[in-house]
Amino acid sequence: MVVKLYHNIVTCTSRAVIYALEALNIPYESRYINLQKNQQFSEEFLKINIQHTIPTIEDEDGFILWDSHAINAYLVGKYGKDDQLYPKDLKARGIVDQRLHFDSDVLFGSLIRNIKYIIVNEMSTRLRDDLRKLTLESYDLLEKLLEGKLYAAGNHVTIADFSILTTLTNSHIFVPIDNEKYPLIVDYMKRAEANIPGFLETEKEARRKIIEILKALNFEFEFRVFQQISINFLKKKMPLKLYYYITSTPSRSVIHTLNALNAPYEAISLNLRDHEQLKEDFIKINPHHTVPTIQEEDGYILWESHAINGYLVKRYGKTDTLYRKDWKARGFVDQMLHYHNGVLFASLKSVFRKVVKEKRITKITDELKTQVEEAYGVLEKYLADGRKFAVGNGVTIADFSIVPTLHLLNFFVPIKGKWPLIADYVNRVKDENLPGFNKLEEEAKQKFTEILKSVNYEL
């Protein structure tokens, strides 16, 4: 028996897994899913993946996993002869995890909004200006991240490159990558074409099929188509620095992880509403200018909450309860982290942008409500299998991300009543009496209420 891969070449996430399988010389059985015929919603496939997403793998022992980032980490862990694609060194792995979540949240996040607007919902034949701007902002950040590097996480290929490069191929069709403005991205893609086996041919074929789909929708193209370490805390001279903001759910997830690990840290609050994250001193630390960001005594810097939390458990955890070492158990945690980033937290960002940043609405729109409810619906299905927490019967770092996000989403789309399993889940986490968890969440909800009142949102 071999690994079964459910996929479609037009999805960048499917191609990312194909490159990992081929780099690792893993034999696999291709199971093509026709998205235009909605085969992902078939009863047979829903039994395999309730989130009805591709890629999905079914290993030879029946183990099932979806989300390309989680899949690729699992494949290297189980089948890799070495750790070059996904380093075991916790700092090097932290950077790869950070880049994976950068893809999931920023690059792929902007791409999926474009796909939904143009292909899924058929809202227009040309991309909306605000969506185009978000895509360009994602390019700006990647250009900065590539400074001084050959690849996304250093000077050799990792699984982060398989995700980022394939996302770029698809994004480039909607919003072309300007050669002069983004020379590092252009060189990065050329380097991949030369050094990743099969990359050039596969990406060309994917691009051709995507363009066919868009042509059928009369899309107006912007160009002519197509030219493990034990640490003794007492020996540390200085605690880790955490840059955060209390109403930021990613910030609180890191605080909850630090508190659960009993790790000492210096908390440095940045007021996002006063744009303190854009000050020169902080941009030198994090050119992405996001919170949370951590800085170790030795100068090691990491941002993106999911990557940070994985790093913290591996560095400071006395056990692996919060983030399992077993590759299958860890695969499920990674799956839920990427669900959080790409689905649940993405819905919160969409609402927050319209309500607080742009101050466009004082009441949630039907479109935004639907996005939040779709995110709830996936989680409700997950919880229907009897699990107590996001992954099984014990709290993990996935819960530290998901529950704070639910607390804020509840302001816009109430959970109680329509989503009983989610409501019970949130209460179970509350009843765990995790160190400082309930107090911090209540404080955050109080401050978030003040923010919503200041923009005249109808509570």
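Computed from a prediction, not measured in an experiment: that's the story for all the values here.

Calculation rules
- Residues numbered from 1 in each chain as written.
- Predicted model: local features only at pLDDT ≥ 70, side-chain atom pairs only at ≥ 80, totals over all residues.
- Heavy atoms only, no water.
- Helix = DSSP H or I, 4+ residues; strand = E, 2+ residues; numbered from the N terminus.
- Rg over C-alpha atoms; globule rule 2.2 N^0.38 Å.
- Buried < 20%, exposed > 50% of the residue type's maximum accessible area, 1.4 Å probe, protein only.
- Areas by Shrake-Rupley, 256 points an atom, 1.4 Å probe, with all protein chains shown as cover.
- Lys, Arg positive; Asp, Glu negative; His and termini not counted.
- Charge placed at Lys NZ, Arg CZ, Asp CG, Glu CD.
- Phe/Tyr/Trp six-rings, centres within 6.5 Å; stacked < 30°, edge-to-face > 60°.
- Lys NZ or Arg CZ within 6 Å of the ring centre and 35° of its normal.
- Salt bridge = Lys/Arg side-chain N within 4 Å of Asp/Glu carboxyl O.
- Contact = heavy atoms within 4.5 Å.
- Core = buried A, V, L, I, M, F, W, Y, C linked by side-chain atoms within 4.5 Å.
- Axes fitted to C-alpha atoms, helices over the stretch in contact; angles between N-to-C directions.
- Parallel < 35°, antiparallel > 145°, perpendicular 65-115°, else oblique.
- Left-handed = near helix turned anticlockwise from the far one by under 90°.
- Nonpolar A, V, L, I, M, F, W, Y, C, P; charged D, E, K, R; others polar.
- pLDDT = per-residue confidence, 0-100.
- Pairing = 2+ DSSP bridges.

A.B. asks: Looking at this structure, how should I read the overall build of the protein chain?
C.D. replies: Per the secondary structure count, the protein chain includes 16 helices and eight strands. Against the compact-globule benchmark of 23 Å for 459 residues, the protein chain has a radius of gyration of 21 Å, which places it among compact chains. Each of the three principal axes of the protein chain carries a C-alpha extent, and together these read 55 × 50 × 50 Å. Evaluated residue by residue, the protein chain yields a buried proportion of 54% over its 459 residues. Of the roughly 20,800 Å² of accessible surface on the protein chain, a fraction of 49% belongs to carbon and sulfur atoms. Taking the average location of the 62 positive side-chain charges in the protein chain and that of its 61 negative ones, the two points are 2 Å from each other.

A.B. asks: What should I look at first to understand the packing of aromatic side chains in this one?
C.D. replies: A complete count under the given rule lists 20 aromatic pairs for this structure. Centre to centre, the rings of Trp66 and Tyr382 are 6.2 Å apart; their planes meet at 10°, and the pair counts as stacked. A single burial state applies to Trp66 and to Tyr382, both of which are buried. Their ring planes at 80° and their centres at 5.6 Å tell us that Tyr339 and Tyr382 sit as a pair that is edge-to-face. Of this pair, Tyr339 sits in helix H12 (residues 327-357) while Tyr382 sits in helix H13 (residues 366-383), placing them 43 residues apart in sequence. Overall, the relative accessible area of 1% leaves Tyr382 in the buried class. Grouped by ring-pair contacts, the aromatic residues Phe352, Phe411, Phe412, Phe448 and Tyr457 constitute a single cluster. Across from the ring centre of Tyr117, 4.9 Å away, lies the NZ or CZ of Arg128, which sits over that ring.

A.B. asks: Explanation requested: the pattern of salt bridges in the structure shown.
C.D. replies: Two side chains carrying opposite charge are able to pair once their charged atoms lie near each other. One pass over the full model with this rule turns up 21 salt bridges. Linking Arg15 and Glu203 is a salt bridge whose minimum nitrogen-to-oxygen distance equals 2.8 Å. Taken together, the positions of Arg15 in helix H1 (residues 12-23) and Glu203 in helix H8 (residues 199-216) put the pair 188 residues apart, joining distant regions of the chain. With a relative accessible area of 0%, Arg15 lands in the buried category. Where Lys314 meets Asp97, a salt bridge forms, and the shortest distance between an N and an O atom there is 3.5 Å. Within this structure, Glu205, Arg208, Lys209 and Glu212 form a network of salt bridges that share partners.

A.B. asks: Looking at this structure, I do not really get the side chain of Thr405. What am I missing?
C.D. replies: Secondary-structure assignment places Thr405 in helix H14 (residues 397-412). Once you skip the residues sitting within four places of it in the chain, Thr405 turns out to touch Thr249, His340, Leu344, Phe345 and Leu348.

A.B. asks: Would you mind showing me how to read the environment of Tyr28 here?
C.D. replies: You can see Tyr28 is positioned in strand E2 (residues 28-32). Classification of Tyr28 by relative accessible area gives partly exposed; the value is 27%. As a C-alpha pair, Tyr28 and Lys190 span 162 residues in sequence and 28 Å in three-dimensional space. In this structure, Tyr28 is in contact with Val2, Val3, Leu5, Ile18, Leu21 and Glu22, ignoring residues within four places of it in sequence.

A.B. asks: Can you walk me through the nonpolar core in this structure?
C.D. replies: Where a protein is soluble and globular, its nonpolar side chains tend to be buried together. Membership of the largest hydrophobic core comes to 78 residues, with the highest contact counts inside it found for Leu312, Tyr376, Leu379, Leu406, Phe412 and Tyr425. With ten residues, the top contributor of residues to this core is H12. What Leu379 contacts, discounting residues up to four positions off in sequence, is Met336, Tyr339, Ile402, Leu406, Ile422 and Tyr425. Among the nonpolar cores identified, the runner-up in size contains 70 residues, and Ala20, Val76, Leu142 and Phe221 belong to it.

A.B. asks: Quick question: what am I supposed to make of the packing of helix H9 (residues 249-260) against helix H16 (residues 437-454) here?
C.D. replies: Two packed helices can be described by the angle between their axes and the distance between those axes. For the pair H9 and H16, interaxial distance at closest approach is 10 Å and the crossing angle is 165°. By the angle between their axes, H9 is roughly antiparallel relative to H16. The handedness of the crossing between H9 and H16 is right-handed. Contact residues: Arg252, Ile255 and His256 in H9; Phe437, Leu440, Glu441 and Ala444 in H16. Residues belonging to the contact of H9 with H16 are distributed by class as follows: four nonpolar, one polar and two charged.

A.B. asks: In this structure, what is going on with the confidence of the model for the protein chain? I would like to understand it.
C.D. replies: Regions with low pLDDT carry predicted coordinates that are not meant to be interpreted in detail. Looking at the protein chain, the pLDDT average stands at 92 and 96% of residues meet or exceed 70. Across residues 224-237, confidence stays below pLDDT 50; counting only partners more than four residues off in sequence or on other chains, it has 24 contacts.

A.B. asks: What is the right way to read the sheet that holds strand E8 (residues 301-303) from this model?
C.D. replies: Within a sheet, neighbouring strands are paired by backbone hydrogen bonds and run either parallel or antiparallel to one another. The four strands lie next to each other as E6-E5-E7-E8, forming an open sheet whose pairing is mixed. Looking at strand neighbours, the two that pair on one side only are strand E6 (265-269) and E8, the edges of this open sheet. Adjacent strand axes in the sheet meet at a mean angle of 20°, parallel and antiparallel pairs treated alike. Bridge count for strand E7 (residues 293-295) against E8 is three bridges, and the pairing is antiparallel. Opposite Gln295, over in E8, you have Ile301 as the bridge partner.

A.B. asks: What is the right way to read the sheet that holds E2 from this model?
C.D. replies: Taken together, the four strands give an open sheet; going across it, the order is E2-E1-E3-E4, and neighbouring strands pair in mixed fashion. Each of the sheet's edge strands pairs with one partner strand only, and the pair in question is E2 and strand E4 (64-66). Within the sheet, the average angular offset between the axes of one strand and its neighbour, ignoring direction, is 20°. Relative to E4, strand E3 (residues 56-58) is paired through three bridges, and the arrangement is antiparallel. Considered in E4, the bridge of Thr56 is made with Trp66. The strands touched by H1 within the sheet are strand E1 (3-7), E2 and E3, with E1 carrying the most contacts at an inclination of about 155°. Of the strands in this sheet, E1, E3 and E4 are in contact with helix H3 (residues 68-79), which crosses E4 at around 135°.

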